[in-house]
Every structure is written in C-alpha cells, then in structure tokens.
Amino acid sequence: MTEPQWIAPGEHGFLAGETLYMRPLELADARYPAAWHFSPFPINPERAEEILKQDLPKEANERKHRLVACRRSDDIPVGAVSYGNLWSTLNMWVELHVDPAHGDGAAAMKSEMLRLVVPWMSAESHNMVVAVKLDAPEPELIDAMGSLGFRPALRFREAIWQGGNRHDQWFYELLHPAWVERLGDPGPTINLATVPPATSPGSRRVSIKRPAGPLPKNLILASERVALRPAEADDWKEGSRLLRRETETFYDRGRWLPSPVVGGHWVTEAMKADPPNWIPLTVVLRETGQVIGDVGLHGISLFHRTAETGSMLYLPELRGKGLGSEAKNLLLEYAFDHLGFHMLRSFVWGPNTRSQAALRKQGYRPAGGFRWESTQGGTFVDSMAFDLLASEWRERVGPATEGATA
Ligand SMILES: CC(C)(COP(=O)(O)OP(=O)(O)OC[C@H]1O[C@@H](n2cnc3c(N)ncnc32)[C@H](O)[C@@H]1OP(=O)(O)O)[C@@H](O)C(=O)NCCC(=O)NCCS
C-alpha cells in the first residue's frame, strides 16, 4: 500500500511553492475578488465580502471549498483553486482560476497551483481520482498536467468562449497509483471518445408549427406525440407518485424516490432566477394530457452558451418507444434555435446503456468520461460524457424555417 505523503509546513504553510502559496480564503480577500471569483463578470469588494460571508459557508456544507493562491513576494492573492468531493466521496473535483489581469502569466501560475495541491489531494488525502477541469488550457499547463501523472478524461468541443474565439474544455484525471495497482490500469478515459456519429436517424426536427388539438397551457413546443411546457412545482406530485412504481433498477444506482416537496421547491427556485441556471420543462403526452416526464437544461452558461441536457420518462412502459428522443428533439430545437446555445453536453452513468444509445441516436458524440465514479456489485463503474454542437445538429435537421411553434 502507498504510504501517505507528508508535506512539511514552512513559513507559508504546507502548500507553498517557489513563487506562490495556497491558503484558505479570509475576509480581507474581499479586496481581491478577481483572484478568487470564478466568473467572467466582475464584482466589487462589497459584493465580494457578502460572498465570503454567505456563500463560502454554504459551499462548505456542499463539500466545496476554495483556496486562494498568494504571491510569496508580496502576499497579494493572484488566483484560486476550487475543489470538493462533489459527486462522490471517492473523487476530488478541481477548478483553477487566475486573475485575468495576469494574462500570459496565468498558465505558469495554474501549473504551480496544481503542483502544490495535487500531491496533497492524491498521495496524502488518498482521493481515488483527482479530476481537473481546464477551460481552453495552454500547452504549458497541459505539460504540467502530464508531469503530475494526469491523463485526459474528456473533451467538450468548443465549450469555451475566450478572447473572441471558441476553445475546447478539457477534464484531466489522476488515478491514485495504489488503486491502479489493485484494479489494473483502465487506460486514459478519453479513449471512450469517438467522432460524431456518421448518421443519426433519431436526430430530427419534430416540432409542429400549428399543432391541432388539446395542448398544455404555456406551451413551448409540440411534436406529434408530446408537448413541452415550463415545469410547475405541482408536477412533482405526479413525478413522485409515478416513480414510486418504478420497476427498473439498472439506469441509476437503484430506484429514486424524490419528495414532491423537494422537487417542487427546486422548480420554484429555478423559476426565480433570470437569467436561469436551470430550465426545467415538463413532458406532456398530447393524447391524454398526462405528465409523463421531464427534460431540461442544467448548469447553463449564457456567457459560453453551453448547458447540460437531462431527460426522464417516469413510466417504464413508455421508455424505449422513441418518446424520450421525441421530447429531447424538441428540447434541442428550443436550446439551439430559440435560446441560441452553441454546444450541449450530457453525462450518463456507465451501466445506463439505454440512455447512452438514446443520446447517440439523437446525434450526440461520446466525449470521454470519468473513471470509478461510483460502485456496483463490488466493482467501480465509470460515467460517460457526450457533446453536441449546434452546427452539427443544424446540418442534420436543416434550418429553422419550418416546425417552430413560436
Ligand atoms: C433515457 C430516456 C429518457 C430515453 O428515452 P426513450 O424514449 O426510452 O429513448 P428511445 O426509445 O428514443 O431510445 C432508446 C434507445 O435505446 C435502445 N435501448 C433500449 N434498451 C437498451 C439497453 N438496455 N441497452 C442499450 N440500448 C437500449 C433502444 O433500442 C433505443 O434505440 P433505437 O430506437 O435505435 O432502437 C428514457 O429511457 C428514460 O426515462 N430512462 C430512465 C431515466 C434515465 O435513464 N434518464 C437519463 C439519465 S442520464
């Protein structure tokens, strides 16, 4: 077994390098928000202080933390690392940020920050996987990742808008060597990525311009069989009721029992945000008017024009009949044509092969994934990531001349 690696503390603590040292955020850091505020939009010190007082404790409750990187020469904060065991206690997620004022020096600072925190997160803290998100990484930073033992895990094409151009977003992974020794090396996760599907029969413009017959109030788009409307808090009463009758256990880690109170709260909160971070839509079966599922856009960035798509049909007997793909095609049309998104992504649990098949059919491309994200029957399972560009979707389905409701 690999022994824990102990890093001796020096003058600036145990996360100190040649030019930088890392420490937890303090209230005085409100004077330097550009160093630790992970957003393209600026904030002033007053707002920064509010965030430090209110959001930092909330983030800590969600197992998310930030360390600020200070210059050794003058103790000025220049960047930050955000990290946490967000999805699984086995895996550490890391994001890097440098004050944009440092321009070309950012890659060197990020590389040094990683050299400081990674041995602490991997060798000392024994996280099974350390995964780092890199927006438009510079070659120098990629080299630093390689020298630390990281390998590419997934790439979201054109996900980042920076300096007037679009760039790829990468995730790199460091697998703990003791686990590689025990489980065998699964190889770089990026090997799961492929080129976009040559044909995607399920990728179609399915909306009907002037649909006849009963339609849900507040309609967004309708196809032959389904209609989308904004989710309402009460939809979760039906969702919760139907999911209690779930018969399938393979598509997630067992069955899911969402409370209508919690689901309703999520929807109510989502509707308050403008611009939104999550757009939850309800799928209605047109023939009966019944609520049968939901689709949505999560983790929305209107700056980068990207989002994650999600979908669920509540009744097992309605799955595998193309209804989910029909609803998803409406969602894609809404996201690309109406809201102007540039790229959409999706994550799927490894054993959920049906959802993966549905995404491929809808034209998404396997983009890589994450290793050992959860467990099943005494083994570790991966998750898969997918991406889809507006340009390739439009190439397949044609221009938005016909079919849009709005
Ligand atoms: C994911 C979901 C929304 C997809 O909708 P759907 O209506 O079932 O999807 P479709 O019928 O359009 O496509 C499913 C495809 O998977 C294939 N499929 C079915 N079962 C499969 C399995 N066990 N393994 C692999 N492929 C499978 C079907 O053949 C079909 O492909 P085809 O039309 O080319 O034959 C729906 O299945 C669902 O709600 N599942 C439960 C929740 C879930 O998994 N959500 C996604 C979480 S990431």
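From a predicted model like this one, the values you see are computed outputs, not experimental measurements.

Parameters at a glance
- Residues numbered from 1 in each chain as written.
- Predicted model: local features only at pLDDT ≥ 70, side-chain atom pairs only at ≥ 80, totals over all residues.
- Heavy atoms only, no water.
- Helix = DSSP H or I, 4+ residues; strand = E, 2+ residues; numbered from the N terminus.
- Expected span 1.5 Å × (residues − 1).
- Buried < 20%, exposed > 50% of the residue type's maximum accessible area, 1.4 Å probe, protein only.
- Arc of directions from axis to C-beta.
- Contact = heavy atoms within 4.5 Å.
- Polar contact = N/O pair within 3.5 Å; in protein donor to acceptor, adjacent residues only side chain to side chain.
- Patch = residues over 30% accessible without salt bridge, like charges linked within 9 Å, V, L, I, M, F, W, Y side chains within 5 Å.
- Areas by Shrake-Rupley, 256 points an atom, 1.4 Å probe, with all protein chains shown as cover.
- Salt bridge = Lys/Arg side-chain N within 4 Å of Asp/Glu carboxyl O.
- Pairing = 2+ DSSP bridges.
- Core = buried A, V, L, I, M, F, W, Y, C linked by side-chain atoms within 4.5 Å.

Engineer: Looking at this structure, I do not really get helix α7 (residues 260-272). What am I missing?
Structural biologist: Given 3.6 residues per helical turn, the α-helix brings residues three or four places apart onto the same face. Its 13 residues give α7 an end-to-end C-alpha distance of 18 Å, which sits within 8% of 18 Å, the value for a rise of 1.5 Å per residue. What α7 keeps buried is the set G263, G264, V267 and A270. An end-on view of α7 places all buried positions within 125° of arc, on one side of the element. Facing away from the buried side of α7 by over 90 degrees, the exposed positions are V261 and K272. Packing partners of the buried residues in α7 comprise α6 (235-243) and β10 (279-285). Backbone nitrogen of V261 and a side-chain oxygen of the N-cap are separated by 3.0 Å at the start of α7; the cap is S259.

Engineer: Is there a simple way to think about the side chain of N85 in this case?
Structural biologist: Tracing the backbone through its elements, the reader meets N85 in the loop between β3 (77-84) and β4 (91-98). Within the structure, N85 has its side chain in polar contact with the backbone oxygen of N91 (distance 3.2 Å). A distance of 3.2 Å separates polar atoms of two side chains, one belonging to N85 and the other to N127. Filtering out sequence-adjacent residues up to four positions away, N85 remains in contact with R63, N91, M92 and N127.

Engineer: Help me out: how do you make sense of unusual backbone geometry in this one?
Structural biologist: Trans is the prevailing form of peptide bonds, just as negative phi is the prevailing case for residues other than glycine. For the bond from D274 to P275, the omega torsion is 5°, close enough to zero to count as cis. Non-glycine residue E158 carries a positive phi angle of around 55°. Among the structural elements, E158 can be located in strand β6 (residues 151-162). Of the residues examined, E158 reaches a relative accessible area of 29% and is grouped as partly exposed. One non-glycine residue, R305, adopts positive backbone phi at about 60°. With respect to the helices, strands and loops of the structure, R305 is situated in the loop between β11 (290-301) and β12 (306-313).

Engineer: Could you clarify how one ought to interpret a nonpolar patch on the surface in this entry?
Structural biologist: A grouping of W256, V261, V262 and W266 is seen on the molecular surface, where their side chains present a nonpolar patch of about 390 Å² in accessible area. Here V262 lies in helix α7. Taking the relative accessible area as the measure of exposure, V262 reaches 38% and is therefore partly exposed.

Engineer: Even after reading the chapter, I still don't get the pairing of β3, so can you show me in this structure?
Structural biologist: Both faces of the sheet carry side chains from a regular strand, because those side chains alternate between them. Most of β3 sits out of view: eight of its eight residues are buried. Turn length for the strand β2 (residues 64-71)-β3 hairpin, with the two strands adjacent in sequence and antiparallel, is five residues, and the turn residue D75 shows positive phi of about 65°. Remark: six residues form the turn of the hairpin made by β3 and β4, two consecutive strands paired antiparallel.

Engineer: For this particular structure, what's the right way to read the nonpolar core?
Structural biologist: Side chains of nonpolar character tend, in soluble globular proteins, to be buried together. Counting residues in each nonpolar core, the largest one holds 42 residues, and the members touching the most others are V226, L228, L281, L297, F336, F341 and L344. Ranked by size, the runner-up nonpolar core spans 29 residues in total, among them V81, V118, V130 and Y172.

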